[in-house]
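Here are the chains, one letter per residue:
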Amino acid sequence: MVQVIGELKPLPDFKLPPLGGEAQTRNESNQERIHSRTLLRPQADPDLCTGCGTCIDQCPVSALSMIDHIPRVNPDTCIVCFCCQEICPEKAITLNNDISGSTSP
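Residues numbered from 1 in each chain as written. Predicted model: local features only at pLDDT ≥ 70, side-chain atom pairs only at ≥ 80, totals over all residues. Heavy atoms only, no water.

(A) Layout of the overall build of the protein. Scanning the protein for helices and strands turns up 4 helices and 4 strands. The N-to-C order of helical and strand elements in the protein reads α-α-β-α-β-β-α-β. Within the protein, contacts between residues at least 6 apart in sequence are counted, and of these 63% link residues at least 24 apart. With the model as given, the accessible surface of the protein reaches about 8100 Å², and the carbon-plus-sulfur share is 53%. (Helix = DSSP H or I, 4+ residues; strand = E, 2+ residues; numbered from the N terminus. Contact = heavy atoms within 4.5 Å. Areas by Shrake-Rupley, 256 points an atom, 1.4 Å probe, with all protein chains shown as cover.)

(B) Examining unusual backbone geometry more closely. Non-glycine residue Asp-68 carries a positive phi angle of around 55°. Structurally, Asp-68 can be placed in the loop between strand 2 (64-67) and strand 3 (70-73). When its relative accessible area of 65% is taken as the criterion, Asp-68 is described as exposed. Phi is positive for Val-80, which is not a glycine, with a value near 60°. Tracing the backbone shows Val-80 in the loop between strand 3 and helix 4 (83-87). (Buried < 20%, exposed > 50% of the residue type's maximum accessible area, 1.4 Å probe, protein only.)

(C) Molecular detail of the state of the cysteines. Taken as a whole and judged by the stated rule, the model has 0 disulfides. With no disulfide of its own, Cys-83 has Cys-81 as its nearest cysteine by sulfur position, at a separation of 3.5 Å. The structure places no disulfide on Cys-88, whose sulfur is separated from the nearest cysteine sulfur, that of Cys-52, by 6.2 Å. (Disulfide = S-S within 2.5 Å.)

(D) Expanded view of the pairing of strand 2. Note that strand 2 and strand 3 share 4 bridges and pair antiparallel. Within the sheet, the bridge partner assigned to Ile-67 lies in strand 3 and is Ile-70. (Pairing = 2+ DSSP bridges.)

(E) Looking closely at the nonpolar core. If you look at the biggest cluster of nonpolar residues, it comprises 13 residues, and the most contacted ones within it are Leu-64 and Ile-93. Leu-64 has contacts with Cys-55, Ile-56, Cys-59, Arg-72, Val-73 and Cys-84, leaving out every residue within four places of it along the chain. (Core = buried A, V, L, I, M, F, W, Y, C linked by side-chain atoms within 4.5 Å.)

Coordinates in, geometry out; function isn't part of it.
Dropping the structure here:
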């Protein structure tokens, strides 16, 4: 619920930006760029990862599990939020299009 405090007045001569949502959805280049980002998955670098489990603890959907002391992502569960990459104290999580380092349920 939104509460407006004060008087809501229209802005004179206000113009909408030229690229609205419809222009974005019909732009093949933008759609390809967006789609490629959805293919990225986190992957731990075994040379940097210490196996501390911080990434696993912080994953909001529990998409990571520890296998041979290295966190692995379940691509079917991962919501591509990259919290694991942001929280990793060793900066060992990279983003990769190759999900062969991932696990399946």
